[in-house]
Amino acid sequence: MKIVICLSVLLWAPLSEASLLKSALPFPDWLRDFTGLTEWPGLDPPYIPLDFINFAAIEPSSNHKIGECNNILPNSCSFDCSNCVSTEDIFNCPKLSQTFDDGPSAFTLKLINNLKTPSTFFTLGTQIVKYPEIYKQAMAKGNVMASHSWSHKYLPELTNEEIIAQIEWSVWAMNATGHHLPKYFRPPYGGLDNRVRSIVKQFGMTNVLWNFDTHDWKILLGQRKASDILKDITNHKSAGNGLILEHDHSSQTVNVGIDINKILDGQLTVPQCVGGVNYLRTF
Ligand SMILES: *[C@@H]1O[C@H](CO)[C@@H](O)[C@H](O)[C@H]1NC(C)=O
Ligand SMILES: [Zn+2]
C-alpha cells in the first residue's frame, strides 16, 4: 500500500509540471501573420499599428505619474485624480455585484468553483498567457471575461502608442484563449482620463469602474482585515445597488471574495447590470 502511494505521488508531480508547461498559450498563426512576431511580449509590449485607430480623435494628454494629480488638464475627467466619470463609463449595478481584477491566477479556480452565480473578470494579458486553461474554465462557468490591459501599467503616463499596445495585446491574448473580443475594459489603478477614454472607445470597448472598493489587496500588507471588509459589505448591502472591486490574484483576496459571495443574494455580471452584450465579437 505504501509503495502505491509513493508511486502515485512520484508520478503526479512530473505530470502536473508537464500539464503546466502544456497550458502556456501558443502564439497563434493569425497573430504571427499580423505582427511578424512569434512569441508573447514581456511587460512592455511593442506597438503594432491598427488601421481603425484615428490618432486625430485621441484627446490631449494630461501626462502625469500615478498620484501626481496637480497638473492634469482641467477638462480631462480623471477618475483616479478627481473621481470623475463620463456618461459612458459604467461604475454601478442595480444589484450589488462583485468584479475581480488582475487574474487569471492559480487562485481563480477556487473562486469560480465557489461563486453561486457568475461574475466579471478583468484579466491581464500577461496572466492569460500563463494561465489560459484557468481563463477558459472561468469562461465555461458563465463568467464574463473583460480586459484589464496587458501588464497593468498606469495608462495616463504612457504615450498613445504605448496605451494602444497595452490594449491590443490584451485583446489578442483574450482572442487567442477565449476566441472573443472584450466589450469591457477596466484601467489599472482606475487610471482613466479623457485621452485614455478616447483610445479605449476606438476599440469598441466601454470603461468599467466601481463604486465600492474593498481594498482587499491591503490584507496582504496586513493593512486591512477580511472581517472588516465583510462588515462593510453587509452594511452596504441594504443600499441594494453597487459594483464591488476585488482581486483574484491571491489566496487571501479569493477567500474574501468567496465570503462576500455568501453574503450577497446572487449577483449580476457587468453586461447584466447594464443590459449589454458579453463580448464585442466571438469567433
Ligand atoms: C481573433 O481570432 C481569430 C481566429 O480565431 C482571427 O481570425 C481574428 O483575426 C482575431 N481577431 C483579433 C482582432 O484578434
Ligand atoms: Zn488591477
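Small disclaimer: the values here were computed from a predicted structure and weren't measured. (Residues numbered from 1 in each chain as written. Chains lettered and ligands numbered in written order. Predicted model: local features only at pLDDT ≥ 70, side-chain atom pairs only at ≥ 80, totals over all residues. Heavy atoms only, no water.)

Caption draft 1: Structural view of the site of ligand 1. The immediate surroundings of ligand 1 are formed by Trp 30, Trp 172, Asn 175, His 179, Leu 181 and Phe 283. In this structure, Asn 175 approaches ligand 1 through a side-chain N or O atom, which is 2.4 Å from an oxygen atom. In isolation ligand 1 exposes 360 Å². Once the protein is present, 62% of that is buried. Broken down by class, the residue content of the shell around ligand 1 amounts to four nonpolar, two polar and no charged. (Near = heavy atom within 4 Å. Polar contact = N/O pair within 3.5 Å; in protein donor to acceptor, adjacent residues only side chain to side chain. Areas by Shrake-Rupley, 256 points an atom, 1.4 Å probe, with all protein chains shown as cover. Nonpolar A, V, L, I, M, F, W, Y, C, P; charged D, E, K, R; others polar.)

Caption draft 2: The arrangement of the environment of Val 129 in detail. In this fold, Val 129 is placed in the loop between helix H5 (125-128) and helix H6 (132-140). In the structure, Val 129 is positioned 60 residues away from Tyr 189 in sequence and 22 Å away in space, judged by C-alpha atoms. Discounting chain neighbours no more than four positions away, the residues touching Val 129 are Ala 24, Leu 25, Trp 40, Trp 150 and Ala 173. (Helix = DSSP H or I, 4+ residues; strand = E, 2+ residues; numbered from the N terminus. Contact = heavy atoms within 4.5 Å.)

Caption draft 3: Layout of the coordination of the zinc ion (ligand 2). Asp 102 (OD), His 148 (NE2) and His 152 (NE2) make up the full set of protein donors to the zinc ion (ligand 2), lying at 2.0 to 2.2 Å. Spacing between the donor residues of the zinc ion (ligand 2) along their common chain follows D-x45-H-x3-H. One end of the pair, Asp 102, is in strand E1 (residues 97-103); the other, His 148, is in the loop between strand E3 (144-147) and helix H7 (160-178), with 46 residues separating them in the sequence. You'll find Asp 102 and His 148 in the same group, each marked buried. (Donors = N, O, S within 2.8 Å, 3.2 Å for Na, K, Ca; no water. Buried < 20%, exposed > 50% of the residue type's maximum accessible area, 1.4 Å probe, protein only.)

Caption draft 4: Geometry of unusual backbone geometry. With an omega of -5°, the peptide bond running from Gly 103 to Pro 104 counts as cis. Looking at the secondary structure, you find Pro 104 in the loop between E1 and helix H4 (108-114). Even without a glycine there, the phi angle at Ser 149 is positive, about 85°. Residue Ser 149 is classed as buried on the basis of its relative accessible area, which comes to 0%. Positive phi is not limited to glycine here, since His 152 has a value of about 60°. Inspection of the secondary structure puts His 152 in the loop between E3 and H7.

Caption draft 5: Main features of the pattern of salt bridges. Throughout the structure, instances matching the rule amount to 12 salt bridges. The shortest N-O distance in the salt bridge between Glu 157 and Lys 65 comes to 3.4 Å. Of the two residues, Glu 157 sits in the loop between E3 and H7 while Lys 65 sits in the loop between helix H2 (29-35) and helix H3 (79-82), which places them 92 residues apart along the sequence. Glu 88 is the salt-bridge partner of Lys 201, the closest N and O atoms lying 3.6 Å from each other. On the criterion of sequence distance, the pair formed by Lys 201 in the loop between helix H8 (194-200) and strand E6 (206-207) and Glu 88 in the loop between H3 and E1 is long-range, its members being 113 residues apart. When its relative accessible area of 52% is taken as the criterion, Lys 201 is described as exposed. (Salt bridge = Lys/Arg side-chain N within 4 Å of Asp/Glu carboxyl O.)

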